[in-house]
Amino acid sequence: MSAAPGSANGKWRFRRPVEADHRRLVGQVDDWWGGRRLHQILPRLWFQHFTGTSWVVEDGTGRLVGFIVGFISPDHPEVAYIHMVATSPNDRRAGLGRALYERFIADVGSRGVRQVMAITWPGNRVSVEFHRAMGFAPDDGPGTQRLYGTPAYPDYDADGDDRVVFSREL
């Protein structure tokens with residue numbers, strides 16, 4: 001696989017994940033997310049059943065530096081959903097997150113997807129601004145409230161689990 005446009009020194013290698021990547025990723029993802037316990041939302045099944053729409057990135061030494069897991073909706077094949085993305089803190093601000101999103105969007109777009117969706121916590125200003133910069137718009141329909149200055153759904157997943165629902169038309 002070739003390096004992504006804008007990659008640092010052309011040393012990123014994108015590939016599809018394999019089940020063996022699961023342990024490597026869950027061993028790092030909490031640290032990559034600043035100590036938040038997010039490995040629980042990344043069970044092994046993502047590396048067994050969603051590898052055809054997900055990507056991992058390694059640097060020139062084979063060190064894992066990022067990943068994106070997502071899927072095309074079986075019920076709405078014109079819609080894809082980004083479940084989780086993360087990059088190593090040592091590799092941020094070099095365009096890796098953007099490259100992961102662009103790779104995912106181009107991949108699912110070539111398969112007939114016309115809309116990509118993602119959610120984030122409205123208090124995560126970095127994530128909210130990243131999605132906006134990538135051309136995603138927050139849903140501001142019925143049931144949303146302005147939370148942390150962004151239209152979001154209170155209690156989206158459970159009590160206290162507020163979420164911004166982003167979408168991008170392709």
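As shown above, the structure is provided for reference.
How each quantity is defined
Residue numbers restart at each chain and count upward from 1, following the sequence in its written direction. Restriction of local features to residues with pLDDT of at least 70 applies here, the model being predicted, together with a cutoff of 80 or more for giving and counting side-chain atom pairs; totals for whole chains, interfaces and linings are based on all residues. In computing side-chain values, all of the structure's heavy atoms are included and hydrogens and water are not. The salt bridge criterion pairs a side-chain nitrogen of Lys or Arg with a carboxyl oxygen of Asp or Glu, the two atoms within 4 Å. Put simply, DSSP H or I for four residues or longer makes a helix, DSSP E for two residues or longer makes a strand, and each gets a number counted from the N terminus. Exposure categories follow from relative accessible area, calculated using a 1.4 Å probe and restricted to protein chains: below 20% of the type maximum is buried, above 50% is exposed, and the middle band is partly exposed. Angles run from 0 to 180 degrees between N-to-C directions of axes, and those axes are lines fitted to C-alpha atoms, restricted for helices to the stretch in contact. By the definition adopted for this analysis, an angle is roughly parallel if under 35 degrees, roughly antiparallel if over 145, roughly perpendicular if from 65 to 115, and oblique otherwise. The hand of a helix crossing depends on one turn: near helix anticlockwise from the far one by less than a right angle means left-handed, and clockwise means right-handed. It only takes one pair of heavy atoms within 4.5 Å for two residues to be counted as in contact. Any residue that is not Ala, Val, Leu, Ile, Met, Phe, Trp, Tyr, Cys, Pro, Asp, Glu, Lys or Arg is counted as polar, Gly included; the first ten are nonpolar and the last four charged. Distance and chemistry together define a polar contact, namely a pair of N or O atoms within 3.5 Å, with one atom able to donate a hydrogen and the other to accept it when in protein, and with adjacent residues in sequence counting only for side-chain atoms on both sides.

Draft legend 1. Spotlight on the pattern of salt bridges. Scanning all chains against the criterion turns up 13 salt bridges. Of the charged contacts in the structure, one is a salt bridge between glutamate 58 and arginine 13, with a shortest N-O distance of 2.5 Å. Placement of glutamate 58 in strand E2 (residues 55-58) and of arginine 13 in strand E1 (residues 13-15) is noted, with a sequence separation of 45 residues between them. By relative accessible area, which is 34% here, arginine 13 ends up partly exposed. Between arginine 125 and glutamate 129 there is a salt bridge; the shortest N-O distance is 3.2 Å. Of this pair, arginine 125 and glutamate 129 both sit in helix H5 (residues 125-133), separated by 4 residues, roughly a single helical turn.

Draft legend 2. Layout of the packing of helix H4 (residues 96-109) against H5. Here H4 crosses H5 at 50 degrees, and the two axes come no closer than 11 Å. The angle between H4 and H5 places the two elements in the oblique class. Crossing hand, H4 versus H5: right-handed. Every residue of H5 that contacts H4 at Gly97, Arg98 and Tyr101 is listed here: Phe130, His131 and Ala133. Classifying every residue of the contact of H4 with H5 gives 3 nonpolar, 2 polar and 1 charged.

Draft legend 3. Region of interest: the side chain of arginine 15. Examined against the element boundaries, arginine 15 turns out to sit in strand E1. Only 3.0 Å separates the side chain of arginine 15 from the side chain of glutamate 58, close enough to count as a polar contact.

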